[in-house]
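# A structural walkthrough
Each chain, letter by letter, is given below.
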Amino acid sequence: MSDKLSADVVVIGSGIVGGLIAQKLAKQGVSVLILEAGPRSDRATIVANFRNSPRKDDFMSPYPFSPWAPHPLYKPNDNGYLVQAGPYPYPAEYIRMVGGTTWHWAAQAWRLLPNDFRMKTLYGVGRDWPLSYDELEPFYLEAETKLGVSGSLKNGSPRSAPFPMPPVQESWAQRRFRERLAPAGYDVIENTVARNSQVYDGRPPCMGNNNCMPICPIGAQYHGGNAVDAAEADGAKLIANAVVYRIEHDDKGRIAAVHYYDPDKKSTRVSGTVFVLAANGIESPKLLLLSASDKYPQGLANSSGTVGRHLMDHPSNKLTFETDEANWPGRGPMSPASINHLRDGAFRSEHAAFRIDISDASQVLAVTQDLIAKGVYGAELEQQLRHRAARQVSLKNVMEQLPLPQNRVVLSSRKDALGIPTPQVHYEMDDYIHRGMALASIEYGKIAKLMGGTNLRYSEEGKYSNNQHITGTLSMGDNPSDSVVDSHGRSHDHDNLFIAGTGIMPTSATVNSTLTAVALGLRSADAVKAALS
């Protein structure tokens, strides 16, 4: 074992949150070392992999898979990395590589609503946050400026300053939904996104390629790789293929070092003053549980017993149908607009709130696969493909999920190539979600009718997809007995350990979690800097 590496701040994980924390600290002259389990890649390679992949609808297929830093894969077969304990499947997808999973995100960068921070007080369900919307608002703005965010001013989240840029030009399909639904009182607004509408921070504007997922081919979207590049430019150091397998503490409970394996299982010890755990809501609790010791038999940062608990995502159901006019989805961003009137209200005491997302993804592949499966070929295939691909659209919801303690991440008995236990998930849905899903299906039907919808195909009742928004498992709170970190992301149990990412969010709300995680991370960076003084 070598023991030659040290830094003021050691950041574990090089995703968008870890990268931006590292960049903010390095810019202030702090010595920062980032450890990333996976390899480094580049846009050109990923785009080439996507173009050559036979599975265009598999968003993981263009990305490198490393035996020493495995992640879940489900196509063409489930690789079994994420062990399912049920009763409901949770097929989470994430990428272990430099830059993390925002390489293949839809770039939705929403703020929460003020009431999302007070669920228990206002509606008697979920948890309250240990900080308010107003306390986080300056960091939301800082995050939006870093990422380059635009969106509608009608999204319900108060602002102290304008967006850094105007929204991306709306697509034809987006425009027709907006125009046709407005008379019935449905307000279709542009999604809040980290996608350029003009040259910003050296990145080009969106050109409407319509494969935001799995990879923006021109770099109009911000992603974690940009954050790491910026951190390195400001002096941070990065070590890729460094699989952290243990966090070491001293006899007083302070974190002294972390240990990582390289791909050949050579171990290296890295010491530091402050440590930031910035892997995701599955890998971070896994590492804390792996680091159990005689002093901390339940794992580090886990005196409350809540590490790994309160796993949340945004379950979705869906409606696919054909409109009565040619909308030609497939030009512009894949997820450009949404309907937001059911994101908040007194009903949240009874059922989940949600946002309705309008897809503008190309339908050519899906329609082609469906027609071929039905035995349609030749001239008939071309005719039906042209007709349906121009008219087929889909709606889905982004549904809040309550923080249930039984939904959790634990260690499995399965081990990876380095001998490290893989994660196991326990996951279920409650009636709070089922009631919200039933209402969403009613709303879909109303919208489809306004669009002249035919051939309505609802997703199977009671079976929901997840949105890869891995939230909870490391919840923040004021009370050390029922939370893992405080409002600054500092562990209640170890005063020089900070945890960052979507895992520390106490509730999931109705929007993608990334921007909130970045804002919380930038706020934590200030506390990290203060801890070094």
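Now for a look at the structure at hand.

So, how was this worked out
Residues numbered from 1 in each chain as written. Predicted model: local features only at pLDDT ≥ 70, side-chain atom pairs only at ≥ 80, totals over all residues. Heavy atoms only, no water. Pairing = 2+ DSSP bridges. Helix = DSSP H or I, 4+ residues; strand = E, 2+ residues; numbered from the N terminus. Axes fitted to C-alpha atoms, helices over the stretch in contact; angles between N-to-C directions. Core = buried A, V, L, I, M, F, W, Y, C linked by side-chain atoms within 4.5 Å. Buried < 20%, exposed > 50% of the residue type's maximum accessible area, 1.4 Å probe, protein only. Contact = heavy atoms within 4.5 Å. Expected span 1.5 Å × (residues − 1). Parallel < 35°, antiparallel > 145°, perpendicular 65-115°, else oblique. Nonpolar A, V, L, I, M, F, W, Y, C, P; charged D, E, K, R; others polar.

With that out of the way, let us pick up the sheet that holds strand β15 (residues 454-458). Strands sit in the order β4-β10-β11-β12-β9-β15 across an open sheet of 6 strands; the sheet is antiparallel. The outermost strands of the open sheet, each flanked by one partner alone, are β4 (188-190) and β15. When strand polarity is set aside, the average angle formed by the axes of neighbouring strands in this sheet is 25°. In terms of strand pairing, β4 meets strand β10 (residues 337-339) through 3 bridges, oriented antiparallel. Its bridge partner lying in β10, glutamate 190 is registered against alanine 337.

So, on to the nonpolar core. Ranked by internal contacts, the top residues of the largest apolar core, which has 82 residues, are Val32, Leu147 and Leu288. It is helix α11 (residues 514-532) that contributes the most residues to this core, 9 residues altogether. Here valine 32 is in contact with Ala7, Val9, Val11, Ala22, Leu25, Ala26, Ala236 and Lys237, once residues within four sequence places are set aside. Among the nonpolar cores identified, the runner-up in size contains 46 residues, and Tyr81, Ile339, Tyr464 and Ile470 belong to it.

Given a rise of 1.5 Å per residue, 14 residues ought to cover 20 Å, and the 20 Å separating the end C-alpha atoms of helix α9 (residues 378-391) matches this to within 8%. On its buried face, α9 sits against β9 (318-322), α8 (364-373), β12 (392-399) and β15.

Another aspect to go through is the packing of helix α4 (residues 133-147) against α11. At a minimum axis separation of 8 Å, α4 and α11 run at an interaxial angle of 110°. Considered as vectors, α4 and α11 are oriented roughly perpendicular to each other. Within the contact between the two elements, α4 uses Glu135, Leu136, Phe139, Tyr140, Glu142, Ala143, Glu144 and Leu147 and α11 uses Leu515, Thr516, Val518, Ala519, Leu520, Leu522, Arg523 and Asp526. Taken together, the residues of the contact of α4 with α11 break down into 10 nonpolar, 1 polar and 5 charged.

With omega at 0°, the peptide bond leading from lysine 75 into proline 76 counts as cis. You can see proline 76 is positioned in the loop between α2 (43-52) and β3 (83-87). The amide bond that connects methionine 213 to the next residue, proline 214, takes the cis arrangement and shows omega of 10°. Its identity is not glycine, yet asparagine 210 carries a phi of approximately 70°, on the positive side. Tracing the backbone through its elements, the reader meets asparagine 210 in the loop between β4 and α6 (224-233). One non-glycine residue, tryptophan 328, lies in positive phi territory at about 45°.

Spatially, β3-β14-β13 is the arrangement adopted by the 3 strands of the open sheet, whose pairing is mixed. A strand with exactly one partner marks an edge of an open sheet, and here the two such strands are β3 and β13 (408-415). Geometrically, the sheet is characterised by an average inter-axis angle of 30° between neighbouring strands, direction not taken into account. Bridge count between β13 and strand β14 (residues 421-427): 5 bridges; the pairing is antiparallel. If you follow lysine 415 over to β14, its bridge partner there is proline 421. Contacting β13 and β14, helix α7 (residues 283-290) crosses the sheet at an angle of about 65° to β13.

So, about the pairing of β9. One face of the sheet, then the other: side chains in a regular strand alternate in exactly this way. Among the 5 residues that make up β9, 4 are buried, leaving the element largely enclosed by the rest of the structure. With 5 bridges joining them, β9 and β12 adopt antiparallel strand pairing. Counterpart to lysine 318 in the pairing with β12 is lysine 396. Strand direction decides the pairing type here: β9 and β15, joined by 3 bridges, are antiparallel. Across the sheet, the residue bridging to threonine 320 is arginine 457, located in β15.

Here threonine 514 shows up in helix α11. Residue classification places threonine 514 among the buried positions, given a relative accessible area of 16%. Sequence-distant contacts of threonine 514, defined by excluding residues within four places in its chain, comprise Ile16, Thr102 and Trp105.

So, about α4. Counted at 1.5 Å a residue, the expected span for α4 with its 15 residues is 21 Å, and the 20 Å between its end C-alpha atoms agrees. All of the buried residues in α4 are Tyr133, Leu136, Glu137, Phe139, Tyr140, Leu141, Ala143, Glu144 and Leu147. Residues of α4 that are buried make contact with α1 (16-27) and α11. Positive backbone phi, at 80°, marks glycine 148, one or two positions downstream of α4.

Purely spatial values, then, with no claim about function.
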